[in-house]
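# Descriptive analysis of the structure
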Amino acid sequence: QVRLVESGGGLVQAGDSLRLSCAASGRDFSMAAMGWFRQAPGKERDIVAAISKRGDRTYYTDSVKGWFTIETDNAKNTVILQMNSVNSEDTAVYYCAGDLIMYPCSGSACSKYWGQGIQVTVSS
């Protein structure tokens, strides 16, 4: 059974840092593109960051470039999203995506596997 379990979310203040972690299990993700998406109320699930199959290339949506960093361990068992200098626009449910079909991308069809989502709330 494939599982992606997110952790590290919560309530923070604007300007703070937050580190989201995703533990992947149930299949080999070592040659799979991985990513983080987020979905705010009433909006589509949008990509935040992605890392390529070989881990040698990354993608970031424009609003987080320079602030967020995506990284994985060698086996892609853990995917990290380091979020620095967060603001209220970063408030959303964040989803870990395993084995991305394509990126950039929006919507649930972007990835084969999804975590259950974790809430990040930034107070101003």
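To start, this report covers the structure provided alongside it.

Parameters at a glance
- Residues numbered from 1 in each chain as written.
- Predicted model: local features only at pLDDT ≥ 70, side-chain atom pairs only at ≥ 80, totals over all residues.
- Heavy atoms only, no water.
- Helix = DSSP H or I, 4+ residues; strand = E, 2+ residues; numbered from the N terminus.
- Rg over C-alpha atoms; globule rule 2.2 N^0.38 Å.
- Core = buried A, V, L, I, M, F, W, Y, C linked by side-chain atoms within 4.5 Å.
- Buried < 20%, exposed > 50% of the residue type's maximum accessible area, 1.4 Å probe, protein only.
- Contact = heavy atoms within 4.5 Å.
- Phe/Tyr/Trp six-rings, centres within 6.5 Å; stacked < 30°, edge-to-face > 60°.
- Lys NZ or Arg CZ within 6 Å of the ring centre and 35° of its normal.
- Salt bridge = Lys/Arg side-chain N within 4 Å of Asp/Glu carboxyl O.
- Disulfide = S-S within 2.5 Å.
- Pairing = 2+ DSSP bridges.

Before going further, it helps to examine the overall build of the protein. When you go through the protein residue by residue, the secondary structure sums to zero helices and 11 strands. Tracing the protein from N to C terminus, the helices and strands come up as β-β-β-β-β-β-β-β-β-β-β. Taking 124 residues into account, the globule formula puts the C-alpha radius of gyration at 14 Å, and the protein, at 13 Å, falls close to it. Across its three principal directions, the C-alpha atoms of the protein cover 40 × 25 × 25 Å.

Of all hydrophobic cores here, the largest spans 27 residues; its most connected members are Leu20, Trp36, Leu81, Met83 and Tyr94. Secondary-structure elements contributing two or more residues to this core are β3 (18–25), β4 (34–39), β5 (46–51), β7 (68–72), β8 (78–83), β9 (92–100) and β11 (118–123). If you tally residues by element for this core, the top one is β3, at four residues. With residues up to four places along the chain from it excluded, the contact list for Leu20 reads Ser7, Gly8, Gly9, Trp36, Val79, Ile80, Leu81, Met83, Tyr94, Ile118 and Val120. Counting residues in hydrophobic clusters, the runner-up holds nine residues, among them Phe37, Ile47, Ala97 and Cys105.

Okay, the packing of aromatic side chains next. Enumeration according to the criterion identifies four aromatic pairs in this entry. Aromatic pair Phe29 and Tyr113: ring centres 5.9 Å apart, planes at 80 degrees, arrangement edge-to-face. On the criterion of sequence distance, the pair formed by Phe29 in the loop between β3 and β4 and Tyr113 in strand β10 (residues 111–114) is long-range, its members being 84 residues apart. Relative to Tyr103, the ring of Tyr59 lies with its centre 6.3 Å away and its plane at 50 degrees, an arrangement referred to as tilted. One end of the pair, Tyr59, is in strand β6 (residues 58–60); the other, Tyr103, is in the loop between β9 and β10, with 44 residues separating them in the sequence. Judged by its relative accessible area of 26%, Tyr103 is partly exposed. Ring pairing ties together the aromatic residues Phe37, Tyr95 and Trp114, which thus form one cluster. Cation over ring: Arg45 sits above Tyr95, and NZ or CZ is 3.6 Å from the ring centre.

Opposite charge on two side chains lets them pair, provided their charged atoms get close. Counted under the stated rule, the structure contains five salt bridges. A salt bridge links Arg27 to Asp99; its shortest N-O distance comes to 2.9 Å. With Arg27 in the loop between β3 and β4 and Asp99 in strand β9, this pair connects stretches of sequence that are 72 residues apart. Given a relative accessible area of 28%, Arg27 falls into the partly exposed group.

The next subject is the state of the cysteines. One pass over the full model with this rule turns up two disulfides. In this model Cys105 forms its disulfide with Cys110; the gap between the sulfur atoms is 2.0 Å. Taking the sign of the S-S torsion, -85 degrees for the link of Cys105 and Cys110, the bridge is left-handed. This pair shows no difference in class: Cys105 is buried, exactly as Cys110 is.

Turning our attention to the pairing of β9. Counting buried residues along β9, eight of its nine residues qualify, which places the element largely inside the surrounding structure. Direction of pairing for β4 relative to β9: antiparallel, over a ladder of six bridges. Within β9, the residue paired with Gln39 across the bridge is Val93. One ladder, built from three bridges, connects β9 with β10; its direction is antiparallel. Opposite Ala97, over in β10, you have Trp114 as the bridge partner.

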